[in-house]
Amino acid sequence: MSTDLPVPMKFQLPDGWHAASPDELGLPDVAFVALNAATHGSGFTANITIDGEVRTDGASLAEIADESVANLRDAAPTVTVAQRTDLGGAEAPGLAQDLRVTLGEGEVRDLVQSQVYLTVPDAEDSGKRAVVRASLTVAENQLDVVLEDFREFVSSIRLDTERL
């Protein structure tokens, strides 16, 4: 069963993207999945996922991003960090990283995954925060086609204060 985000979030999907069931796609650990219609049927459908968790361990965003890399390495023979950038400020830090992923079961496939980590501090407990990750996964040759869509999507993500 798909998971919920640790805090209510709202966002806007760019044109050409549609929501899909995480459970039907075999992604029970994510809260939301969107698929790109233009890449459907091309051998790999570009997708955006959102997941998140509450962290109380004091891990830096770089350490959390390293955990994501390690988890991907459990499923893919090759995962490399192509780029990592700090985002935001002291009150709401963020991090972006671009990964190169090679899947090797049967047919070798080169993918790119762009991840953006956003944080929401707990107003009552300074040692507690929600970390939300938005990820774009595409075949390498699709990146130029959908990267701007992902940037637009990420820029639309907001805390849904009406549902707090």
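That block above? That's the structure.
Residues numbered from 1 in each chain as written. Predicted model: local features only at pLDDT ≥ 70, side-chain atom pairs only at ≥ 80, totals over all residues. Heavy atoms only, no water.

Novice: Which residues make up the overall build of the chain, and what values go with them?
Specialist: When helices and strands are tallied, the chain shows two helices and nine strands. Helices and strands appear in the chain in the N-to-C order β-β-β-β-α-β-β-β-β-α-β. When the 164 residues of the chain are sorted by exposure, 40% land in the buried category. Sequence separation of at least 24 residues holds for 52% of the intrachain contacts in the chain that already meet a minimum separation of 6. Just so you have it, the chain exposes about 9,200 Å², and 47% of that area is on carbon and sulfur atoms. Each charge class in the chain was averaged separately, 12 positive and 28 negative side chains, and the resulting centres sit 3 Å apart. (Helix = DSSP H or I, 4+ residues; strand = E, 2+ residues; numbered from the N terminus. Buried < 20%, exposed > 50% of the residue type's maximum accessible area, 1.4 Å probe, protein only. Contact = heavy atoms within 4.5 Å. Areas by Shrake-Rupley, 256 points an atom, 1.4 Å probe, with all protein chains shown as cover. Lys, Arg positive; Asp, Glu negative; His and termini not counted. Charge placed at Lys NZ, Arg CZ, Asp CG, Glu CD.)

Novice: So what's going on with the pairing of strand β8 (residues 129-139)? Which residues, and what values?
Specialist: Of all 11 residues that make up β8, 11 are buried, and the element is covered over most of its length. Going residue by residue along β8, you find R129, V131, R133, S135, T137 and A139 tucked away on one face and A130, V132, A134, L136 and V138 tucked away on the opposite face as well. The sheet contact formed by strand β4 (residues 47-55) and β8 spans nine bridges and is antiparallel. Residue pairing across strands places G52 opposite V132, the latter belonging to β8. In terms of strand pairing, strand β7 (residues 109-121) meets β8 through 11 bridges, oriented antiparallel. Note that in β8 the partner of Q115 across the bridge is S135. (Pairing = 2+ DSSP bridges.)

Novice: Kindly report on helix α1 (residues 61-73), identifying the contributing residues and their values.
Specialist: Its 13 residues place the ends of α1 18 Å apart at the C-alpha level, agreeing with the 18 Å of an ideal helix rising 1.5 Å per residue. Buried within α1 we find L61, I64, A65, S68, V69 and L72. Down the axis, α1 shows its buried residues gathered within 150 degrees of arc, on one side only. Buried positions along α1 lie against β4, β5 (78-88), β6 (93-103), β7 and β8. (Expected span 1.5 Å × (residues − 1). Arc of directions from axis to C-beta.)

Novice: Tell me about the nonpolar core, residues and numbers included.
Specialist: By size, the foremost hydrophobic cluster in this structure holds 23 residues, and its most contacted members are W17, I48, A134, L136, V138, F150 and F153. The set of elements that each furnish at least two residues to this core consists of β3 (32-36), β4, β7, β8 and α2 (143-156). Not counting the four nearest positions on each side in its chain, A134 is found in contact with T49, I50, S114, Q115, V116, F150, F153, V154 and I157. With nine residues, the next largest nonpolar core counts L72, A76, V79 and V101 among its residues. (Core = buried A, V, L, I, M, F, W, Y, C linked by side-chain atoms within 4.5 Å.)

Novice: Explain the sheet that holds β3 to me, and be specific about the residues and the numbers.
Specialist: The strand order across the open sheet built from seven strands is β2-β3-β4-β8-β7-β6-β5, with neighbouring strands paired in antiparallel fashion. Looking at strand neighbours, the two that pair on one side only are β2 (17-20) and β5, the edges of this open sheet. In this sheet, adjacent strand axes meet at a mean angle of 20 degrees when their direction is disregarded. Packed onto the sheet, α1 meets β4, β5, β6, β7 and β8 and runs at close to 15 degrees relative to β6. Of the strands in this sheet, β2, β3, β4, β6, β7 and β8 touch α2, which is tilted by about 160 degrees from β8. (Axes fitted to C-alpha atoms, helices over the stretch in contact; angles between N-to-C directions.)

Novice: Now, about the side chain of N47: what can you tell me, with residues and values included?
Specialist: Tracing the chain through its elements places N47 in strand β4. The contact partners of N47, leaving out residues within four places of it in the chain, are W17, A34, L35, S135, L136 and T137.

Novice: Outline the pattern of salt bridges, supporting the account with residue identities and numerical values.
Specialist: Throughout the structure, instances matching the rule amount to eight salt bridges. Residue R55 pairs with E53 through a salt bridge whose shortest N-O separation is 2.9 Å. Taking relative accessible area as the criterion, R55 reaches 7% and is therefore assigned buried. For E53, a relative accessible area of 35% gives the class partly exposed. Across the salt bridge formed by E148 and R151, the nearest N and O atoms sit 3.6 Å from each other. (Salt bridge = Lys/Arg side-chain N within 4 Å of Asp/Glu carboxyl O.)

Distances and angles like these do not, on their own, reveal function.
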